[in-house]
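This is what each chain is made of:
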Amino acid sequence: MAFHDLIARRYSVRAYTTQPIEPEKLALILEAGRLAPTAANRRPFKFVVVQSEEGLSRIKKTANAFGAPLVLICCGDREAAGPRKDGMSYYQVDNSIAVDHMMLQATDLGLGSLWIGWFDPAIIREEFHIPEHLDPISLLAIGYAADQPQSEEERETRRKKAGEIFVNESF
């Protein structure tokens with residue numbers, strides 16, 4: 001599939017079937033995250049793969065994964081990240097790039113995904129024994145979509161136009 005078609009096809013899935021993710025598809029998704037570019041090639045992230053009924057029920061204590069059979073807990077490693085000149089750490093940016101790669105890989109494999117930011121990191125930390133140097137940044141729900149995406153025309157009406165986003169040379 002052409003890259004533009006892939007990114008146009010991806011949408012936030014909020015209803016999943018119960019069909020489990022095949023191990024070979026999960027392996028490709030995880031590999032896409034591993035291959036994502038990071039500042040100074042430091043890979044300052046860890047991902048907890050949650051597929052068990054018990055693990056998914058612990059996710060429900062703080063987030064709605066909409067019945068996805070797989071949730072990745074995406075953690076940034078503050079100790080492994082490189083700093084920018086102004087001291088800002090890249091670990092959240094690097095984590096986000098990896099999550100984006102995994103979402104696109106899932107889409108290419110015929111799966112749906114949802115990037116979840118509305119959760120309490122303290123609950124995730126406690127429930128999954130996340131070490132102190134790792135920050136839960138996002139959750140990524142993945143599975144076979146049970147809903148249908150809006151048409152491209154419907155989605156386009158909600159997107160900002162290019163002139164609202166891009167500025168030539170300077171503000």
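Residues numbered from 1 in each chain as written. Predicted model: local features only at pLDDT ≥ 70, side-chain atom pairs only at ≥ 80, totals over all residues. Heavy atoms only, no water.

1. Notes on the pattern of salt bridges
Throughout the structure, instances matching the rule amount to 9 salt bridges. The salt bridge involving E54 is made with R58; its shortest N-O contact spans 2.9 Å. Here the residue E54 and the residue R58 both occupy positions in helix α3 (residues 53-59), the gap between them amounting to 4 residues, near one helical turn. Under the relative-accessibility criterion, E54 is labelled partly exposed at 47%. R58 sits in the buried class, given a relative accessible area of 18%. (Salt bridge = Lys/Arg side-chain N within 4 Å of Asp/Glu carboxyl O. Helix = DSSP H or I, 4+ residues; strand = E, 2+ residues; numbered from the N terminus. Buried < 20%, exposed > 50% of the residue type's maximum accessible area, 1.4 Å probe, protein only.)

2. Re the pairing of strand β4 (residues 134-143)
Within a regular beta strand, the side chains point alternately toward one face of the sheet and then the other, so they alternate between its two faces. Burial runs high along β4: 9 of the 10 residues are buried. Bridge analysis of strand β3 (residues 112-116) against β4 gives 5 bridges, and the strand direction is antiparallel. Paired with L114 across the two strands is A141, which belongs to β4. (Pairing = 2+ DSSP bridges.)

3. Points about the packing of aromatic side chains
Within this structure, the stated rule accounts for 1 aromatic pair. Here the guanidinium or amino end of R58 rests over the ring plane of F128, the centre of that ring lying 4.2 Å away. (Phe/Tyr/Trp six-rings, centres within 6.5 Å; stacked < 30°, edge-to-face > 60°. Lys NZ or Arg CZ within 6 Å of the ring centre and 35° of its normal.)

4. Focus: the sheet that holds β4
As summarised here, the arrangement of the 4 strands in space is β1-β2-β4-β3, forming an open sheet in which the pairing is antiparallel. The outermost strands of the open sheet, each flanked by one partner alone, are β1 (45-50) and β3. Neighbour to neighbour, the strand axes of the sheet diverge by 25 degrees on average, direction disregarded. One ladder, built from 8 bridges, connects strand β2 (residues 70-77) with β4; its direction is antiparallel. Within β4, the position partnered with G76 by the bridge is D135. Across the face of the sheet, helix α2 (residues 23-34) comes into contact with β1, β2 and β4 while running at roughly 165 degrees to β1. (Axes fitted to C-alpha atoms, helices over the stretch in contact; angles between N-to-C directions. Contact = heavy atoms within 4.5 Å.)

5. Structural notes on the side chain of S113
Tracing the sequence through the fold places S113 in strand β3. By relative accessible area, which is 1% here, S113 ends up buried. Those residues in contact with S113 that sit more than four places away from it in its chain are R10, Y11, S12, V13, Y16, M103, L140, A141 and I142.

6. Comments concerning helix α4 (residues 91-108)
For α4, built from 18 residues, the straight-helix expectation of 26 Å at 1.5 Å per residue is met to within 8% by its first-to-last C-alpha distance of 26 Å. Residues Y91, D94, N95, A98, V99, M102, M103, L104, A106 and T107 constitute the buried set of α4. Those residues of α4 hidden inside the fold are in contact with α1 (3-9), α2, β1, β2, β3 and β4. The positive-phi residue at the C-terminal boundary of α4 is G110, with phi of around 85 degrees. (Expected span 1.5 Å × (residues − 1).)

7. Looking at the pairing of β2
β2 sits mainly inside the fold: 8 of its 8 residues count as buried. Here β2 shows a buried face lined by L70, L72, C74 and G76 and a second buried face lined by V71, I73, C75 and D77. Taken together, the 6 bridges between β1 and β2 define a ladder with antiparallel strand orientation. Of the residues in β2, the one forming a bridge with F47 is C74.

8. A look at the nonpolar core
I59, I73, I124, L139 and A141 are the most contacted members of the largest nonpolar core, which has 21 residues in total. Excluding its chain neighbours within four sequence positions, the residues that come into contact with L139 are I59, A63, V71, L72, I73, L114, W115, I116, F119 and I124. The next biggest cluster of nonpolar side chains, apart from the first, holds 15 residues, and it includes L72, A106, L109 and Y144. (Core = buried A, V, L, I, M, F, W, Y, C linked by side-chain atoms within 4.5 Å.)

Shape descriptors only; they carry no functional weight alone.
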